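Report on the structure
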Amino acid sequence: MKHYLDFEKPVIELQAKLDELRKHAEAHGMDAAFEEEIRRLEQKLGETRRQIFTQLTPWQRVQLARHPKRPYMLDYVRLAFTDFEELHGDRLYADDRAVVGGFARLNGQPLMVIGTQKGRDTKENILRNFGSAHPEGYRKALRLMRMADKFGLPIVTLIDTAGAYPGIGAEERHIAEAIAVNLREMMVLEVPVVAVIIGEGGSGGALGIGVADRVLIMENAYYSVISPEGCAAILWKDRSAAPQAAAALKMVASDLLALGLVDEVIPEPLGGAHNDPAAAAAALKEAVLRHLGELLPLSGEERRRRRYAKFRAYGRFEQQPARLTAPVAEGGPGSNGQETGARAAGSGAAGPA
């Protein structure tokens, strides 16, 4: 069953007319009038699709990132990688099925691929915990990354999660500590690490496998410290302000690239990756191979140095000049007026713009 988003309605209507016309032509024979009308509708459909999908708002891109037919981690593994052999368990507690990882090849290059996996239906979503990992998921990912580091295998992570699981059990097993350890340990890996945000990149749940030499993002994915709905509930006290929050958070690919938080935006087929998963996987494969080709010749120490510098450079702010305050009247208690005024000026904090 197809799933359509609200802003796709003009495309849906034109596609339905085109399908109906083709069926009618097949049933009654194709003549010049039918051919001309079909060509006209095809042209209009293409123009409408381009007009809609080249002018998407941040909120519309968030909706595409969550599209239920969008390719998930295992879809990209099937379409872009070969010889995938899944490894299970964190060797401490359990096997978290929201995090999937194992050995694979990419165009013949052996590597370790790790990612977060959602489900297609209710049963699979329960199995995968809707793509939200428990602490054991992050510990499994770290176990596999350490194994890859030991054997000199590059690491590719595919990120698609709304965030780490916030349940009581996860807190009891120290979800924050598990993510924090991953952040620290990924920073010192000597092998190349390439992270790709393929859908949702939510908060620490995404960052827990996202410390990489190169961070790439699919065109209609997002990466943010909080969901638009969560931000809207906090700042606007109303979750319906999610579209406004999505724009303010600068969470979509183009904004993240402009801010220097990602290294490349991987283009998707017109209409989103779900319209042509094979083409989306081919684009992802080409980008990952290109970045691995640039990273592999470097020494492990050089990769670590650059990775550290990359994340230390994250974060920008603007500082307003301090404004001098008028000196108090002379004879004030403890000092003269000029000294007090200078001290007041020096204590004025310059806040962000």
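A few points on the structure. (Residues numbered from 1 in each chain as written. Predicted model: local features only at pLDDT ≥ 70, side-chain atom pairs only at ≥ 80, totals over all residues. Heavy atoms only, no water.)

**Topic: the nonpolar core**
Spelled out, the test is: Buried Ala, Val, Leu, Ile, Met, Phe, Trp, Tyr and Cys residues form a nonpolar core when they are joined through side-chain atoms within 4.5 Å. Exposure classes here rest on a 1.4 Å probe applied to the protein chains alone. A residue is buried below 20% of its type maximum, exposed above 50%, and partly exposed in between. Each helix corresponds to a stretch of at least 4 residues labelled H or I by DSSP, and each strand to a stretch of at least 2 residues labelled E; elements are numbered beginning at the N terminus. Contact between two residues is taken to exist if any of their heavy atoms lie within 4.5 Å; hydrogens are not considered.
By size, the foremost hydrophobic cluster in this structure holds 65 residues, and its most contacted members are Y76, F81, I155, L158, V196 and V288. Per-element tally for this core: the top contributor is helix α13 (residues 277–295), with eight residues. Ignoring anything within four residues of it in the chain, the contact list for L158 reads M73, Y76, V77, F81, V113, I114, G115, T116, V196, I198, I209 and L284. In this structure, I38, I52, F53 and L56 belong to the second largest nonpolar core, which totals 13 residues.

**Remarks on the packing of aromatic side chains**
Here is the rule we go by: Any Phe, Tyr or Trp ring, taking Trp's six-membered ring, that has another such ring centre within 6.5 Å forms a pair; planes under 30 degrees apart are called stacked, those over 60 apart edge-to-face, and the others tilted. In this scheme, the term charge over a ring applies when either NZ of a lysine or CZ of an arginine sits within 6 Å of the ring centre and within 35 degrees of the ring normal.
Throughout the structure, instances matching the rule amount to two aromatic pairs. Seen from their ring centres, F311 and Y314 are 4.9 Å apart, and the 50 degrees between their planes marks the pair as tilted. Overall, the relative accessible area of 17% leaves F311 in the buried class. The cationic tip of R120 hangs over the ring face of Y72; the distance from NZ or CZ to the ring centre is 3.9 Å.

**Details of unusual backbone geometry**
One non-glycine residue, D83, lies in the positive phi region at around 55 degrees. Mapping D83 onto the fold places it in strand β1 (residues 82–87). A residue is classified by how much of its surface remains accessible, and D83, at 56% relative accessible area, is exposed. With phi around 70 degrees, H174 is a residue other than glycine that occupies positive phi space. Along the chain, H174 falls in the loop between α7 (168–172) and α8 (175–187).

**Re the pattern of salt bridges**
The condition is simple: Whenever a carboxyl oxygen of Asp or Glu lies within 4 Å of a side-chain nitrogen of Lys or Arg, that contact is scored as a salt bridge.
Across all of its chains, the model carries 21 salt bridges by this definition. The closest approach of N and O atoms between R78 and D75, which form a salt bridge, is 3.6 Å. Of the two residues, R78 and D75 are both situated in helix α4 (residues 73–80); the distance of three residues between them amounts to about one turn of the helix. Owing to a relative accessible area of 57%, R78 belongs among the exposed residues under this scheme. Across the pair E200 and K118 runs a salt bridge whose closest N-O atoms are separated by 2.6 Å. With E200 in strand β5 (residues 193–202) and K118 in the loop between β3 (109–116) and α5 (122–128), this residue pair connects regions lying 82 residues apart in the sequence. Residues E200 and K118 agree in their burial class; the two are buried.

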